[in-house]
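What follows is each chain in one-letter form.
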Amino acid sequence: EHIQFPVPALISLMQLSKYGLLLAVPNPYYLPFIFRALLRLNPAPAKEGHWYAWDYAHLDIFVQNCGFAVQKWYYDSVALPCTRPIRSALGFNILSFMEVKLLKTLFPRFCRSLIAHVVEKKYS
């Protein structure tokens, strides 16, 4: 997302890699962003230096157009869009179970990050 010319960057990184690489970028479909949009709250301001916002389909097409393949997608956690007092009331153990286990399993495409194992096409 911070690289102005991602094609040569990905190609160069893949040339340095023997087994592929893990490519991780923020997910534009991260659940709190969706709730902000649904409630018509002001979106977070655009930050200088952000060139791209990748979603799963566009990242996959980008990787393929560079001559590589996504071998596997990985998922981190889905954050509940709740305020600090609600988080404190629920407690760390309950929130951790919900965000890292339950919601990640039920809604993997709403995780915080897109994480792709990118490999040469011959290994996919």
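Cut-offs and rules
Residues numbered from 1 in each chain as written. Predicted model: local features only at pLDDT ≥ 70, side-chain atom pairs only at ≥ 80, totals over all residues. Heavy atoms only, no water. Salt bridge = Lys/Arg side-chain N within 4 Å of Asp/Glu carboxyl O. Helix = DSSP H or I, 4+ residues; strand = E, 2+ residues; numbered from the N terminus. Buried < 20%, exposed > 50% of the residue type's maximum accessible area, 1.4 Å probe, protein only. Patch = residues over 30% accessible without salt bridge, like charges linked within 9 Å, V, L, I, M, F, W, Y side chains within 5 Å. Areas by Shrake-Rupley, 256 points an atom, 1.4 Å probe, with all protein chains shown as cover.

## Observations regarding the pattern of salt bridges
Within the structure shown, the criterion is met by 2 salt bridges. Here R87 makes a salt bridge to E99, at a shortest N to O gap of 2.7 Å. One end of the pair, R87, is in helix α4 (residues 84-90); the other, E99, is in helix α5 (residues 92-106), and 12 residues separate them in sequence. A residue is classified by how much of its surface remains accessible, and R87, at 26% relative accessible area, is partly exposed. E99 is paired through a salt bridge with R112; the nearest N and O atoms lie 3.9 Å apart. On the criterion of sequence distance, the pair formed by E99 in helix α5 and R112 in the loop between α5 and β3 (113-120) is long-range, its members being 13 residues apart. Taken together, the salt bridges that share partners define one network made up of R87, E99 and R112.

## Concerning a nonpolar patch on the surface
Together, F97, L102, L106 and F107 make up an exposed nonpolar region whose accessible area comes to about 390 Å². Within the secondary structure, F107 is located in the loop between α5 and β3. On the basis of relative accessible area, F107 is assigned to the partly exposed category, the value being 40%.

That's the geometry; what it means functionally is another story.
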